[in-house]
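Residue-level structural notes
Take a look at the letters that make up each chain.
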Amino acid sequence: MSTLTKSEAVDAPQAGNAFLSVRDLRVRFRTEDGIVNAVNNLTFDLEQGKTLGIVGESGSGKSVSNLAVMGLHNPRNTTIEGTVTLDGQELLTASQRELEKLRGNKMAMIFQDALAALSPYYTIGRQIAEPFMKHTGANKKEGRERAIEMLRRVGIPQPQTRVDDFPHQFSGGMRQRAMIAMALVCDPQLLIADEPTTALDVTVQAQIVDLLKDLQQESGTSIVFITHDLGVIREIADDVLVMYAGRAVERGTMREVLKTSQHPYGWGLLSSIPRINSSVDVPLEPIPGTPPSLLNPPTGCAFNPRCAYRELVDGDKCVTERPPLELANGHLSACHLTPAQKQSILTEQILPRLSS
Ligand SMILES: Nc1ncnc2c1ncn2[C@@H]1O[C@H](COP(=O)(O)OP(=O)(O)O)[C@@H](O)[C@H]1O
Ligand code: SF4
Ligand SMILES: [Mg+2]
(Lines give C-alpha, C1' and ligand atoms only; values in the text may rest on other atoms or scores of the structure.)
(Ligands and ions follow the chains in the order given, each with its own letter.)
Protein backbone atom coordinates (compact mmCIF):
# COMPACT_ATOMS: atom_id res chain seq x y z
CA MET A 1 0.00 0.00 0.00
CA SER A 2 1.21 3.47 -0.79
CA THR A 3 2.14 5.34 2.36
CA LEU A 4 1.90 8.85 0.87
CA THR A 5 -1.67 10.08 1.16
CA LYS A 6 -3.09 12.97 -0.82
CA SER A 7 -2.95 15.08 2.34
CA GLU A 8 0.72 14.44 2.99
CA ALA A 9 1.51 15.22 -0.62
CA VAL A 10 -0.02 18.70 -0.33
CA ASP A 11 1.18 19.18 3.20
CA ALA A 12 4.88 18.50 2.77
CA PRO A 13 6.39 21.37 0.83
CA GLN A 14 10.17 21.82 0.85
CA ALA A 15 11.49 22.92 4.23
CA GLY A 16 13.28 26.21 4.59
CA ASN A 17 11.74 28.23 1.77
CA ALA A 18 9.59 30.53 3.88
CA PHE A 19 10.99 33.01 6.40
CA LEU A 20 9.72 30.85 9.26
CA SER A 21 9.18 27.26 8.28
CA VAL A 22 7.86 24.65 10.71
CA ARG A 23 7.75 21.05 9.56
CA ASP A 24 6.25 18.10 11.35
CA LEU A 25 6.81 19.63 14.80
CA ARG A 26 6.13 17.28 17.70
CA VAL A 27 6.41 18.23 21.36
CA ARG A 28 6.01 15.69 24.16
CA PHE A 29 6.23 16.16 27.92
CA ARG A 30 7.09 13.42 30.36
CA THR A 31 4.92 13.91 33.45
CA GLU A 32 4.18 11.84 36.54
CA ASP A 33 0.85 10.89 34.98
CA GLY A 34 2.33 9.83 31.66
CA ILE A 35 3.33 11.30 28.32
CA VAL A 36 1.53 14.45 27.15
CA ASN A 37 1.56 14.67 23.35
CA ALA A 38 1.11 18.43 23.33
CA VAL A 39 1.92 19.10 19.66
CA ASN A 40 1.69 16.56 16.84
CA ASN A 41 2.92 16.85 13.26
CA LEU A 42 2.46 20.60 13.05
CA THR A 43 3.47 22.17 9.74
CA PHE A 44 3.20 25.81 8.70
CA ASP A 45 5.01 28.62 6.90
CA LEU A 46 5.21 32.33 7.53
CA GLU A 47 6.44 34.76 4.90
CA GLN A 48 8.34 37.95 5.67
CA GLY A 49 6.09 40.82 6.70
CA LYS A 50 3.02 38.59 7.00
CA THR A 51 0.89 37.54 9.95
CA LEU A 52 -0.15 34.01 10.77
CA GLY A 53 -2.98 33.62 13.27
CA ILE A 54 -2.94 30.47 15.38
CA VAL A 55 -6.38 29.88 16.85
CA GLY A 56 -7.72 27.30 19.27
CA GLU A 57 -9.18 26.86 22.72
CA SER A 58 -7.07 26.70 25.83
CA GLY A 59 -4.84 23.61 25.92
CA SER A 60 -4.72 23.07 22.14
CA GLY A 61 -0.93 23.44 21.94
CA LYS A 62 -0.60 27.02 20.71
CA SER A 63 1.88 28.20 23.33
CA VAL A 64 3.80 24.93 23.47
CA SER A 65 4.46 24.95 19.73
CA ASN A 66 5.68 28.54 19.74
CA LEU A 67 7.81 28.14 22.85
CA ALA A 68 9.48 25.34 20.88
CA VAL A 69 10.19 27.78 18.04
CA MET A 70 11.78 30.16 20.56
CA GLY A 71 13.77 27.34 22.18
CA LEU A 72 12.19 28.00 25.58
CA HIS A 73 11.28 24.47 26.73
CA ASN A 74 13.01 22.69 29.55
CA PRO A 75 14.96 19.90 27.84
CA ARG A 76 14.80 17.70 30.93
CA ASN A 77 11.18 16.66 30.51
CA THR A 78 10.51 17.71 26.93
CA THR A 79 11.10 15.92 23.63
CA ILE A 80 10.94 18.07 20.51
CA GLU A 81 11.11 16.65 16.99
CA GLY A 82 10.69 18.03 13.49
CA THR A 83 12.36 21.02 11.87
CA VAL A 84 12.03 24.74 12.46
CA THR A 85 13.98 27.14 10.26
CA LEU A 86 14.10 30.91 10.64
CA ASP A 87 15.58 32.73 7.67
CA GLY A 88 17.29 29.49 6.68
CA GLN A 89 18.74 28.76 10.11
CA GLU A 90 17.71 25.52 11.82
CA LEU A 91 16.50 26.31 15.34
CA LEU A 92 15.77 22.94 16.96
CA THR A 93 19.40 21.88 16.70
CA ALA A 94 20.85 25.31 17.56
CA SER A 95 22.83 25.67 20.80
CA GLN A 96 21.43 27.60 23.77
CA ARG A 97 24.03 30.28 23.05
CA GLU A 98 22.92 30.71 19.47
CA LEU A 99 19.28 30.81 20.57
CA GLU A 100 20.00 33.43 23.20
CA LYS A 101 21.61 35.56 20.53
CA LEU A 102 18.54 35.22 18.33
CA ARG A 103 16.01 35.82 21.10
CA GLY A 104 15.23 39.46 21.62
CA ASN A 105 17.28 40.29 18.56
CA LYS A 106 16.01 38.40 15.53
CA MET A 107 12.95 36.88 17.20
CA ALA A 108 10.94 38.05 20.18
CA MET A 109 7.82 37.02 22.05
CA ILE A 110 5.11 38.89 23.91
CA PHE A 111 2.68 37.32 26.35
CA GLN A 112 -0.80 37.72 27.75
CA ASP A 113 0.37 38.80 31.16
CA ALA A 114 2.60 41.87 30.93
CA LEU A 115 2.73 42.19 34.70
CA ALA A 116 4.36 38.76 34.95
CA ALA A 117 6.71 39.45 32.03
CA LEU A 118 7.95 42.78 33.44
CA SER A 119 10.02 42.97 36.59
CA PRO A 120 8.39 45.06 39.35
CA TYR A 121 11.83 46.22 40.57
CA TYR A 122 13.13 48.02 37.50
CA THR A 123 11.79 51.01 35.63
CA ILE A 124 10.00 50.44 32.34
CA GLY A 125 12.78 52.37 30.58
CA ARG A 126 15.53 50.20 31.96
CA GLN A 127 13.70 47.03 30.96
CA ILE A 128 13.27 48.27 27.40
CA ALA A 129 16.87 49.52 27.19
CA GLU A 130 18.40 46.30 28.58
CA PRO A 131 18.01 44.03 25.51
CA PHE A 132 18.99 46.92 23.21
CA MET A 133 22.22 47.53 25.12
CA LYS A 134 22.95 43.81 25.27
CA HIS A 135 22.49 43.17 21.56
CA THR A 136 23.89 46.42 20.12
CA GLY A 137 26.54 47.41 22.66
CA ALA A 138 24.84 50.80 23.18
CA ASN A 139 25.65 52.72 26.37
CA LYS A 140 23.17 53.73 29.09
CA LYS A 141 22.37 57.11 27.60
CA GLU A 142 21.74 55.62 24.16
CA GLY A 143 19.68 52.88 25.77
CA ARG A 144 17.51 55.41 27.55
CA GLU A 145 17.02 57.42 24.37
CA ARG A 146 16.04 54.27 22.53
CA ALA A 147 13.56 53.37 25.31
CA ILE A 148 11.93 56.81 25.02
CA GLU A 149 11.73 56.44 21.25
CA MET A 150 10.15 52.99 21.59
CA LEU A 151 7.60 54.22 24.17
CA ARG A 152 6.67 56.99 21.74
CA ARG A 153 6.32 54.47 18.91
CA VAL A 154 3.93 52.31 20.92
CA GLY A 155 1.83 55.35 21.81
CA ILE A 156 2.73 56.06 25.45
CA PRO A 157 2.06 59.75 26.19
CA GLN A 158 4.92 61.82 27.67
CA PRO A 159 7.51 59.12 27.08
CA GLN A 160 10.35 61.31 28.47
CA THR A 161 8.84 61.11 31.94
CA ARG A 162 6.98 57.77 31.75
CA VAL A 163 10.29 56.08 30.92
CA ASP A 164 11.19 56.33 34.63
CA ASP A 165 7.92 54.77 35.86
CA PHE A 166 7.70 51.30 37.33
CA PRO A 167 5.28 48.75 35.81
CA HIS A 168 2.66 49.21 38.57
CA GLN A 169 2.38 52.88 37.59
CA PHE A 170 1.15 51.86 34.12
CA SER A 171 -2.41 50.75 33.27
CA GLY A 172 -2.93 47.24 31.86
CA GLY A 173 -3.09 48.52 28.28
CA MET A 174 0.03 50.67 28.77
CA ARG A 175 1.95 47.73 30.25
CA GLN A 176 1.04 45.68 27.20
CA ARG A 177 2.38 48.50 25.00
CA ALA A 178 5.55 48.63 27.10
CA MET A 179 6.03 44.89 26.64
CA ILE A 180 5.62 45.32 22.89
CA ALA A 181 8.23 48.11 23.03
CA MET A 182 10.57 45.77 24.89
CA ALA A 183 10.06 42.98 22.35
CA LEU A 184 10.55 45.27 19.36
CA VAL A 185 13.47 47.32 20.66
CA CYS A 186 16.00 45.41 18.54
CA ASP A 187 13.78 45.34 15.45
CA PRO A 188 13.21 41.57 15.47
CA GLN A 189 12.17 40.04 12.17
CA LEU A 190 9.87 37.57 13.90
CA LEU A 191 7.42 38.51 16.65
CA ILE A 192 5.40 35.82 18.39
CA ALA A 193 2.44 37.40 20.17
CA ASP A 194 0.88 34.86 22.54
CA GLU A 195 -2.65 36.05 23.41
CA PRO A 196 -1.34 39.62 23.84
CA THR A 197 -4.83 41.10 24.14
CA THR A 198 -6.69 38.41 26.07
CA ALA A 199 -6.54 40.19 29.44
CA LEU A 200 -7.63 43.54 28.00
CA ASP A 201 -11.04 45.06 27.36
CA VAL A 202 -12.39 45.11 23.82
CA THR A 203 -11.41 48.71 23.03
CA VAL A 204 -7.84 48.30 24.23
CA GLN A 205 -7.65 44.94 22.40
CA ALA A 206 -8.46 46.69 19.15
CA GLN A 207 -5.86 49.41 19.87
CA ILE A 208 -3.13 46.83 20.50
CA VAL A 209 -3.98 44.95 17.29
CA ASP A 210 -3.88 48.26 15.36
CA LEU A 211 -0.55 49.08 16.97
CA LEU A 212 0.97 45.76 15.94
CA LYS A 213 -0.35 46.27 12.42
CA ASP A 214 1.21 49.75 12.21
CA LEU A 215 4.54 48.57 13.61
CA GLN A 216 4.52 45.70 11.15
CA GLN A 217 3.97 48.08 8.26
CA GLU A 218 6.84 50.27 9.45
CA SER A 219 9.38 47.51 9.90
CA GLY A 220 8.17 44.49 7.92
CA THR A 221 8.13 42.17 10.95
CA SER A 222 6.61 38.72 10.51
CA ILE A 223 4.06 38.00 13.23
CA VAL A 224 2.64 34.83 14.70
CA PHE A 225 -0.49 35.96 16.54
CA ILE A 226 -1.88 33.38 18.96
CA THR A 227 -5.46 33.74 20.17
CA HIS A 228 -8.53 31.75 21.20
CA ASP A 229 -10.77 34.34 19.56
CA LEU A 230 -10.88 34.30 15.77
CA GLY A 231 -12.52 37.74 15.87
CA VAL A 232 -9.40 39.37 17.34
CA ILE A 233 -7.17 38.51 14.37
CA ARG A 234 -9.71 39.16 11.66
CA GLU A 235 -8.05 42.50 10.86
CA ILE A 236 -4.43 41.45 11.08
CA ALA A 237 -3.92 37.82 10.02
CA ASP A 238 -3.13 36.88 6.43
CA ASP A 239 -3.29 33.15 7.14
CA VAL A 240 -4.89 31.10 9.87
CA LEU A 241 -4.00 27.80 11.48
CA VAL A 242 -6.74 26.27 13.60
CA MET A 243 -5.48 23.92 16.31
CA TYR A 244 -7.38 21.31 18.27
CA ALA A 245 -5.88 18.88 20.79
CA GLY A 246 -2.32 19.50 19.64
CA ARG A 247 -2.96 19.22 15.91
CA ALA A 248 -3.75 21.49 12.99
CA VAL A 249 -7.34 20.83 11.97
CA GLU A 250 -7.65 23.61 9.41
CA ARG A 251 -5.26 25.88 7.56
CA GLY A 252 -5.96 28.58 5.00
CA THR A 253 -6.09 32.28 4.35
CA MET A 254 -7.98 34.42 6.87
CA ARG A 255 -10.67 35.02 4.28
CA GLU A 256 -11.05 31.34 3.50
CA VAL A 257 -11.41 30.40 7.15
CA LEU A 258 -13.89 33.23 7.82
CA LYS A 259 -16.01 32.62 4.72
CA THR A 260 -15.57 28.99 3.81
CA SER A 261 -14.36 27.09 6.88
CA GLN A 262 -14.45 23.36 6.17
CA HIS A 263 -14.33 22.00 9.69
CA PRO A 264 -16.96 21.59 12.45
CA TYR A 265 -14.52 23.01 15.00
CA GLY A 266 -13.85 26.00 12.72
CA TRP A 267 -17.62 26.51 12.49
CA GLY A 268 -17.77 26.47 16.28
CA LEU A 269 -15.05 29.13 16.50
CA LEU A 270 -16.84 31.28 13.93
CA SER A 271 -20.11 31.05 15.85
CA SER A 272 -18.38 32.12 19.05
CA ILE A 273 -16.95 35.39 17.64
CA PRO A 274 -18.61 38.23 19.57
CA ARG A 275 -20.74 40.20 17.15
CA ILE A 276 -20.19 43.76 18.29
CA ASN A 277 -21.55 45.30 15.09
CA SER A 278 -24.84 43.49 15.26
CA SER A 279 -27.89 45.67 15.82
CA VAL A 280 -29.41 43.05 18.09
CA ASP A 281 -27.51 41.57 20.99
CA VAL A 282 -26.49 38.25 19.47
CA PRO A 283 -25.38 35.94 22.25
CA LEU A 284 -22.06 34.16 21.97
CA GLU A 285 -22.42 30.51 21.14
CA PRO A 286 -19.62 28.73 22.93
CA ILE A 287 -18.66 25.31 21.57
CA PRO A 288 -20.44 22.70 23.74
CA GLY A 289 -18.24 20.44 25.86
CA THR A 290 -14.62 20.88 26.87
CA PRO A 291 -11.29 20.24 25.12
CA PRO A 292 -9.86 16.76 25.75
CA SER A 293 -6.97 15.83 27.99
CA LEU A 294 -3.83 15.33 25.95
CA LEU A 295 -2.73 12.58 28.31
CA ASN A 296 -5.53 10.42 26.99
CA PRO A 297 -7.07 12.02 23.89
CA PRO A 298 -10.13 10.53 22.16
CA THR A 299 -9.41 7.98 19.42
CA GLY A 300 -10.04 8.85 15.79
CA CYS A 301 -10.90 12.52 15.39
CA ALA A 302 -10.12 14.20 18.73
CA PHE A 303 -13.13 16.49 18.24
CA ASN A 304 -15.59 13.58 17.98
CA PRO A 305 -17.07 13.74 21.53
CA ARG A 306 -18.17 17.33 20.85
CA CYS A 307 -19.04 17.13 17.17
CA ALA A 308 -22.65 17.60 16.07
CA TYR A 309 -21.95 16.19 12.59
CA ARG A 310 -20.27 12.88 13.25
CA GLU A 311 -23.50 10.93 12.61
CA LEU A 312 -23.27 12.05 8.99
CA VAL A 313 -20.01 10.17 8.52
CA ASP A 314 -20.25 6.51 7.44
CA GLY A 315 -19.79 3.90 10.17
CA ASP A 316 -17.73 4.77 13.21
CA LYS A 317 -14.90 6.35 11.24
CA CYS A 318 -14.87 9.50 13.42
CA VAL A 319 -14.05 7.33 16.44
CA THR A 320 -11.65 4.90 14.81
CA GLU A 321 -9.70 6.84 12.17
CA ARG A 322 -7.91 10.13 12.53
CA PRO A 323 -8.86 12.36 9.58
CA PRO A 324 -5.81 13.60 7.65
CA LEU A 325 -5.33 17.28 6.85
CA GLU A 326 -6.33 17.43 3.20
CA LEU A 327 -7.68 19.76 0.57
CA ALA A 328 -11.43 20.22 0.62
CA ASN A 329 -13.13 22.99 -1.34
CA GLY A 330 -9.93 24.98 -1.66
CA HIS A 331 -8.10 24.69 1.64
CA LEU A 332 -6.73 22.21 4.15
CA SER A 333 -8.99 20.67 6.77
CA ALA A 334 -9.01 17.44 8.77
CA CYS A 335 -12.54 16.01 8.83
CA HIS A 336 -14.16 12.87 7.43
CA LEU A 337 -17.22 14.68 6.07
CA THR A 338 -17.17 14.73 2.26
CA PRO A 339 -16.40 18.04 0.53
CA ALA A 340 -20.05 18.12 -0.65
CA GLN A 341 -21.35 17.61 2.90
CA LYS A 342 -19.06 20.33 4.23
CA GLN A 343 -20.15 22.75 1.56
CA SER A 344 -23.85 22.16 2.10
CA ILE A 345 -23.60 22.44 5.93
CA LEU A 346 -21.58 25.64 5.51
CA THR A 347 -23.98 27.33 3.12
CA GLU A 348 -27.25 26.02 4.53
CA GLN A 349 -26.58 26.11 8.26
CA ILE A 350 -23.46 28.00 9.28
CA LEU A 351 -23.31 31.10 7.07
CA PRO A 352 -27.02 32.01 7.55
CA ARG A 353 -26.57 31.75 11.32
CA LEU A 354 -23.52 34.01 11.25
CA SER A 355 -25.24 36.75 9.27
CA SER A 356 -28.49 36.64 11.27
N1 LIG B 1 5.59 21.88 30.91
C2 LIG B 1 4.53 21.10 30.66
N3 LIG B 1 4.44 19.86 31.16
C4 LIG B 1 3.38 19.07 30.90
N5 LIG B 1 2.33 19.44 30.14
C6 LIG B 1 2.36 20.68 29.62
C7 LIG B 1 3.45 21.59 29.85
N8 LIG B 1 3.20 22.76 29.20
C9 LIG B 1 2.01 22.59 28.59
N10 LIG B 1 1.50 21.35 28.84
C11 LIG B 1 0.25 20.79 28.30
O12 LIG B 1 0.31 20.88 26.89
C13 LIG B 1 -0.98 21.16 26.37
C14 LIG B 1 -0.92 22.37 25.45
O15 LIG B 1 -0.65 23.52 26.23
P16 LIG B 1 -0.55 24.99 25.64
O17 LIG B 1 0.27 24.99 24.42
O18 LIG B 1 -0.09 25.84 26.77
O19 LIG B 1 -2.05 25.32 25.27
P20 LIG B 1 -2.62 26.70 24.67
O21 LIG B 1 -3.21 26.34 23.35
O22 LIG B 1 -3.68 27.10 25.64
O23 LIG B 1 -1.52 27.68 24.59
C24 LIG B 1 -1.91 21.34 27.56
O25 LIG B 1 -2.58 20.13 27.75
C26 LIG B 1 -0.97 21.61 28.69
O27 LIG B 1 -1.51 21.16 29.90
S1 SF4 C 1 -14.05 13.89 11.53
FE2 SF4 C 1 -16.06 13.42 12.36
S3 SF4 C 1 -15.95 14.02 14.52
FE4 SF4 C 1 -14.22 14.98 13.47
S5 SF4 C 1 -14.92 17.00 12.91
FE6 SF4 C 1 -15.32 15.69 11.14
S7 SF4 C 1 -17.41 14.92 11.42
FE8 SF4 C 1 -16.77 15.77 13.38
MG1 LIG D 1 -1.33 29.48 25.63
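Residues numbered from 1 in each chain as written. Chains lettered and ligands numbered in written order. Predicted model: local features only at pLDDT ≥ 70, side-chain atom pairs only at ≥ 80, totals over all residues. Heavy atoms only, no water.

So, about the overall build of the protein chain. The secondary structure content of the protein chain amounts to 13 helices and twelve strands. Here the C-alpha atoms of the protein chain give a radius of gyration of 21 Å, agreeing with the 21 Å that 2.2 N^0.38 yields for 356 residues. With respect to the principal axes defined by its C-alpha atoms, the protein chain has extents near 70 × 50 × 40 Å. Scored against the burial criterion, the 356 residues of the protein chain give a buried share of 50%. Placing the 36 positive and 41 negative side-chain charges of the protein chain at their respective mean positions leaves the two points 4 Å apart. (Helix = DSSP H or I, 4+ residues; strand = E, 2+ residues; numbered from the N terminus. Rg over C-alpha atoms; globule rule 2.2 N^0.38 Å. Buried < 20%, exposed > 50% of the residue type's maximum accessible area, 1.4 Å probe, protein only. Lys, Arg positive; Asp, Glu negative; His and termini not counted. Charge placed at Lys NZ, Arg CZ, Asp CG, Glu CD.)

For the rest of this paragraph, the subject is the pairing of strand β6 (residues 107–110). Side-chain alternation along β6 places M107 and M109 on one buried face and A108 and I110 on a second face that is also buried. Across four bridges, the pairing between β6 and strand β7 (residues 190–194) is parallel. The residue of β7 that forms the bridge with A108 is L191. (Pairing = 2+ DSSP bridges.)

What follows concerns the side chain of R162. Topologically, R162 is positioned in helix α7 (residues 159–162). Setting aside its immediate chain neighbours within four residues, R162 contacts I124, L151, I156, P157, Q169, F170 and M174. (Contact = heavy atoms within 4.5 Å.)

This brings us to the sheet that holds β7. Taken in spatial order, the eight strands line up as β6-β7-β8-β3-β9-β10-β12-β11 in an open sheet, and their pairing is mixed. With partners counted over all chains shown, the strands left at the sheet margins are β6 and β11 (326–328), one partner each. Going across the sheet, the axis of each strand differs from the next one's by a mean of 20 degrees, ignoring polarity. Bridging between strand β10 (residues 247–253) and strand β12 (residues 331–333) involves two bridges; their strand directions are antiparallel. Residue pairing for β12: R251 is matched across the bridge by L332. Packed onto the sheet, helix α2 (residues 62–70) meets β3 (51–55), β6, β7, β8 (222–227) and β9 (239–244) and runs at close to 150 degrees relative to β6. Strands β3, β6, β7 and β8 of the sheet are contacted by helix α9 (residues 202–219), whose axis makes an angle of about 165 degrees with β8. (Axes fitted to C-alpha atoms, helices over the stretch in contact; angles between N-to-C directions.)

Geometry only, nothing functional implied.
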